[in-house]
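Structural features, examined
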Amino acid sequence: MFREWFVPIIKNGINDPRNLKPQINLHILKKLISYKVAKTPLAIMLEPACRCNLNCPLCTTPHKYMTRKQGIMNFETYQKIVNDVKDFALVFYYNFAGEPFLNPHLLEMINEAAKHKIFSVVDTNATLLTNKRIKEILDSSLNVLVVNIDHIKKKPFEEFRLGANFNRTIQGIKKLCDLKKKEKRGFPLIIAEVIVSRENEDNLQRIYDFAKYKIGVDKIWFKPICFPLHSKGFYEDHDIHELVEKYLPVKSPITRYTYNGEYIEMKNPKENCDWERKSLILWDGRVAACCFDYDGQYIFGNINDTSFLDIWNSQKYRYYREKLIKFKKLELCKNCSIL
């Protein structure tokens, strides 16, 4: 996911007149060198909020079954993270098991990261885009805002994004796009992410046209649907055949899975995992394994107690990254749906 967003972030950053400064390019070069030589991570996923205002039926971090404590990252923890990683981190991805805009300090966090030339990506369900927040987003240093638009009709939209209001959500995204164009802003890039399912696979072109020309987003990405089968509670509560019959595409090639009538299998799974070179920091400062470790099963330290580099370079974390995570040998890797 980081590779998908990295190129447009850098490209737009270079093209935006506000960013044509030699020192910015020098900062990027230094961080790339650190990545290659010192093997420090370029991309870090942060969890601003382990909490959500929706109850989506296929959420990959199902709070109903989560065993770890939920909460909101405080600014002190975040400031410690920034201070620890500012010399080598290039991209912060503000999302994991929750809606990032539930954190009241989110945009303040993004502005703080920007002081150290750290690019920012926020993935939101877009239900909290009030007029005030839209203005604050455009006045912030946010680089990429990913908004979820899976359907263009009220009923399927609200069933897939359970708890969302279709008209209010779409209106908020359109207001943001309109004001961005009116004020001739370069950032944030506004990207519509469409999860491809059996319910919308016949309407992908219509969704594309709707998002691009009626709402006015900058780019549209189609994402294969993911079943949260790594969650024991979800797996036990759902019939796999029913999930497949309702959600798994039968026509679109944009899919993660094949189904043999009994089992779901990954379609062209990766042999190695790139989380060997990335890091996930939970809302309470704990450093976890990867974007599938929604319960925090594998913890390598807490940023509030130890510096990030001490955690990153610890014998335990290095062993897990280089010997287990890279080669997908953890227990949670068995149900990982990352292609």
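Now for a quick tour of the structure. (Residues numbered from 1 in each chain as written. Predicted model: local features only at pLDDT ≥ 70, side-chain atom pairs only at ≥ 80, totals over all residues. Heavy atoms only, no water.)

**Overview of the layout of surface pockets**
The criterion, for reference: The pocket and cavity definitions rest on a 1 Å grid over protein atoms only: a 1.4 Å probe that fits but cannot leave marks a cavity, an open set with protein on both sides within 12 Å along at least five of seven lines marks a pocket, and residues lining either have an atom within 4 Å of a point. Grid points are joined across faces, edges and corners, and a volume is the space filled by probe spheres set on the points. Only DSSP runs of H or I reaching four residues or more are called helices, and only runs of E reaching two or more are called strands; each is numbered from the N terminus. Each residue is assigned to one of three groups, with Ala, Val, Leu, Ile, Met, Phe, Trp, Tyr, Cys and Pro labelled nonpolar, Asp, Glu, Lys and Arg labelled charged, and all others, Gly among them, labelled polar.
Roughly 1400 Å³ of internal volume is contained in the largest pocket. Residue lining of the largest pocket: 50 residues in total, with Thr 60, Glu 193, Ile 195, Lys 223 and Cys 226 positioned closest to the centre. Residue assignment for the lining of the largest pocket shows that the elements contributing at least two residues are α1 (2-15), β3 (119-124), β5 (189-196) and β6 (219-224). Within the lining of the largest pocket, the residues separate by chemical class into 27 nonpolar, 11 polar and 12 charged.

**Quick word on unusual backbone geometry**
Of note, the bond from Phe 187 into Pro 188 is cis; its omega dihedral lies within 30 degrees of zero at -5 degrees. Within the element layout of this structure, Pro 188 appears in the loop between α7 (166-182) and β5. Although it is not a glycine, Ala 126 sits at a positive phi angle of roughly 65 degrees. The phi torsion at Lys 328 lies on the positive side, around 55 degrees, for a residue other than glycine. Relative to the assigned elements, Lys 328 resides in the segment after α12 (315-325).

**Some thoughts on the nonpolar core**
Convention followed: The nonpolar core is taken to be a set of buried Ala, Val, Leu, Ile, Met, Phe, Trp, Tyr and Cys residues, with the residues joined through side-chain atoms within 4.5 Å. Three labels apply to residues, based on accessible area from a 1.4 Å probe with only protein chains included: buried if under 20% of the type maximum, exposed if over 50%, partly exposed otherwise in between. By the convention used here, residues are in contact when the closest approach between their heavy atoms is within 4.5 Å.
In this structure, Tyr 78, Phe 92, Tyr 94, Ile 173, Val 217 and Phe 227 are the most contacted members of the largest nonpolar core, which totals 109 residues. When residues no more than four places from it in sequence are discounted, the contact partners of Tyr 78 are Leu 46, Met 73, Phe 92, Tyr 94, Met 109, Ile 110, Glu 112 and Ala 113.

**With respect to the pattern of salt bridges**
Heads up, the rule is: Just to be clear on terms, a salt bridge is a Lys or Arg side-chain nitrogen sitting within 4 Å of an Asp or Glu carboxyl oxygen.
Within the structure shown, the criterion is met by 22 salt bridges. As a salt-bridge pair, Lys 80 and Asp 84 come within 2.7 Å of each other at their nearest N and O atoms. With a gap of four residues between them, Lys 80 and Asp 84 both fall in helix α3 (residues 75-85), about one helical turn apart. Relative accessible area serves as the criterion here: at 18%, Asp 84 is assigned to the buried category. For Lys 115, the salt bridge is made with Glu 112, and the minimal N-O distance between the two is 3.1 Å. Taken together, the salt bridges that share partners define one network made up of Lys 135, Asp 139, Glu 183 and Arg 185.

**Description of α7**
The test is simple: Given a helix with a known number of residues, its expected span is that number minus one, times 1.5 Å. What the arc covers is the set of directions going from the helix axis to the C-beta atoms.
For α7, spanning 17 residues, the distance from its first C-alpha to its last is 24 Å, which sits close to the expected 24 Å at 1.5 Å a residue. Listed in full, the buried residues belonging to α7 are Phe 166, Thr 169, Ile 170, Gly 172, Ile 173, Leu 176, Cys 177 and Lys 180. All buried residues of α7 lie within an arc of 155 degrees about the axis, which places them on one face of the element. Looking at α7, the residues exposed on the side facing more than 90 degrees away from the buried face are Arg 168 and Lys 182. On its buried side, α7 packs onto α5 (131-139), β4 (144-148), α6 (154-160), β5 and α8 (204-215). Looking one or two places after α7, you find Lys 184, whose phi comes out positive at around 55 degrees.

**Focus: empty space enclosed by the protein**
One pass over the full model with this rule turns up three cavities of 30 Å³ or more. What lines the largest cavity is simply Cys 273, Trp 275, Cys 290, Cys 291, Phe 292, Ile 325, Lys 328, Leu 330, Leu 332, Cys 333, Cys 336 and Ile 338. The class makeup of the residues in the lining of the largest cavity is 11 nonpolar, no polar and one charged. One number sums up the size of the second largest cavity: a volume of about 40 Å³. Along the walls of the second largest cavity sit Lys 270, Asn 272, Cys 273, Lys 328, Cys 336 and Ile 338, which together make up its complete lining. For the lining of the second largest cavity, the residue count by class is three nonpolar, one polar and two charged.

**A look at the environment of Leu 204**
Of note, Leu 204 is situated in helix α8. Separated by 57 residues in sequence, Leu 204 and Val 147 place their C-alpha atoms 16 Å apart. Discounting residues that sit within four places of it in the chain, Leu 204 has contacts with Val 194, Val 196, Phe 222 and Ser 252.

**Digging into the packing of aromatic side chains**
For the record, the criterion: By convention, a stacked pair of Phe, Tyr or Trp rings (six-membered ring in the case of Trp) has centres within 6.5 Å and planes under 30 degrees apart, an edge-to-face pair has planes over 60 apart, and any other such pair is tilted. The rule is short: NZ of Lys or CZ of Arg within 6 Å of the ring centre and within 35 degrees of the ring normal puts a charge over the ring.
Scanning all chains against the criterion turns up 14 aromatic pairs. Geometrically, the ring pair formed by Phe 160 and Tyr 247 is tilted, given 6.2 Å between the ring centres and 55 degrees between the ring planes. With Phe 160 in helix α6 and Tyr 247 in helix α10 (residues 240-247), this residue pair connects regions lying 87 residues apart in the sequence. Exposure remark for Phe 160: the relative accessible area of 6% places this residue in the buried category. Ring plane angle 80 degrees and centroid distance 6.2 Å describe the contact between Tyr 319 and Tyr 320, whose orientation is recorded as edge-to-face. Aromatic rings pair up to connect Phe 88, Tyr 298, Phe 300, Phe 308, Trp 312, Tyr 317, Tyr 319 and Tyr 320 into one cluster. It is Arg 321 that lies over the ring of Trp 312; its NZ or CZ is 3.6 Å from the centre.

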